[in-house]
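Here's the letter readout for the chains.
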Amino acid sequence: MNENPPLDLSEKGRKNGQPISLDRRLFMQFLAFGGCLNVQPIQDTLAQSGADAVLYADVNDAQAVGLLTLSENPNFFVDTLRPLLQKTPFVELTPKPEMTMMGRTYTIGYEPDLEEALFNRPRGRVLNPELPWVIWYPLRRSGSFEELSDEEQRKALGEHGGIGKAFGRAGLATDIRLACHGLDKHDNDFVIGLLGKELFPLSAVVQTMRKTIQTKRHIDRLGPFFVGKVLWQSKI
């Protein structure tokens, strides 16, 4: 009998009552830059790179932009993106490392279509031209959440998720949820993206979430928040 079975790190789901798994996921990284007086060279460079990317105007800084890139292979961020950022026009900008966020798609064990949940849906949302407004932010849960029973955790997450689903059904906002464990210097747990046709509903989501048990009792910190609007994005 094997007392040390191999670790299974695949993403789990369930289809027709049977467990399914997929050992793949999508990574996303958000970077912010100041000192941007001309976005056209950046847009041209991104278009020529062929990378899946979105360039945002920073609503709260007239000389700043945000850059979201995504890839299944994490080597992309070192082998492809890093050299790109070391050239013009990016070297002429001022990095804002305090705004850097990185995460990976994940499942909660009930998804019937893992390709859709891990790749098609999140990629389709961030590259959707009909969802130009965005709020990106990281969060870290407090230790008290892990002390809850499984039932209490499900109840807290259900309350939180119900709000997101209500805004989604109304066509007001949709979200991207990324696991961030160990992927940034602040030791955040998740990166959240709120996307929509208009900005106000995204702010309303954040406001409504403030009232949930999870936010009131079990969130250690939120932010910083990046609020932006799409300037350029790759084709879906």
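Our subject is the structure that appears above.
Residues numbered from 1 in each chain as written. Predicted model: local features only at pLDDT ≥ 70, side-chain atom pairs only at ≥ 80, totals over all residues. Heavy atoms only, no water.

> Help me understand unusual backbone geometry, please; the structure alone is not making it clear to me.
A negative phi angle characterises most non-glycine residues, just as the trans form characterises most peptide bonds. Along the chain, Thr88 connects to Pro89 via a cis peptide bond; the corresponding omega equals 10 degrees. Position of Pro89 among the secondary structure elements: in the loop between α2 (76–85) and β6 (94–95). A cis amide bond links Gly223 to the next residue, Pro224, at an omega of 15 degrees. Even without glycine at this site, Asn16 takes up a positive phi of about 55 degrees. (Helix = DSSP H or I, 4+ residues; strand = E, 2+ residues; numbered from the N terminus.)

> Before we go on, may I ask you to explain the pairing of strand β10 (residues 190–196) in this structure?
Both faces of the sheet carry side chains from a regular strand, because those side chains alternate between them. Among the 7 residues of β10, 7 are classified as buried, and the element is accordingly described as predominantly covered. Here β10 shows no split at all, with Phe190, Ile192, Leu194 and Gly196 on one side and Val191, Gly193 and Leu195 on the other all buried. Examined bridge by bridge, strand β8 (residues 133–141) and β10 share 7 bridges and lie antiparallel to one another. Each bridged residue has a counterpart across the sheet, and for Trp136 the counterpart in β10 is Gly193. Bridging between strand β9 (residues 174–179) and β10 involves 6 bridges; their strand directions are antiparallel. Bridge assignment links Arg177 to a residue of β10, and that residue is Ile192. (Buried < 20%, exposed > 50% of the residue type's maximum accessible area, 1.4 Å probe, protein only. Pairing = 2+ DSSP bridges.)

> I keep staring at the pattern of salt bridges and nothing clicks. Help me out?
Side-chain pairs of opposite charge can arise where the charged atoms are in close proximity. The full count for this structure, using the stated rule, is 10 salt bridges. For the salt bridge of Glu115 with Arg24, the shortest nitrogen-to-oxygen distance reads 2.7 Å. Highlighted residues: Glu115 in helix α3 (residues 114–126) and Arg24 in the loop between β2 (18–22) and β3 (27–34), separated in sequence by 91 residues. Since its relative accessible area comes to 28%, Arg24 is described here as partly exposed. With its nearest N and O atoms 2.7 Å apart, the salt bridge here joins Lys96 to Asp61. Separated by 35 residues along the polypeptide, Lys96 in the loop between β6 and β7 (101–104) and Asp61 in the loop between β4 (52–58) and β5 (65–71) bring together distant segments of the chain. When its relative accessible area of 18% is taken as the criterion, Lys96 is described as buried. By relative accessible area, which is 25% here, Asp61 ends up partly exposed. (Salt bridge = Lys/Arg side-chain N within 4 Å of Asp/Glu carboxyl O.)

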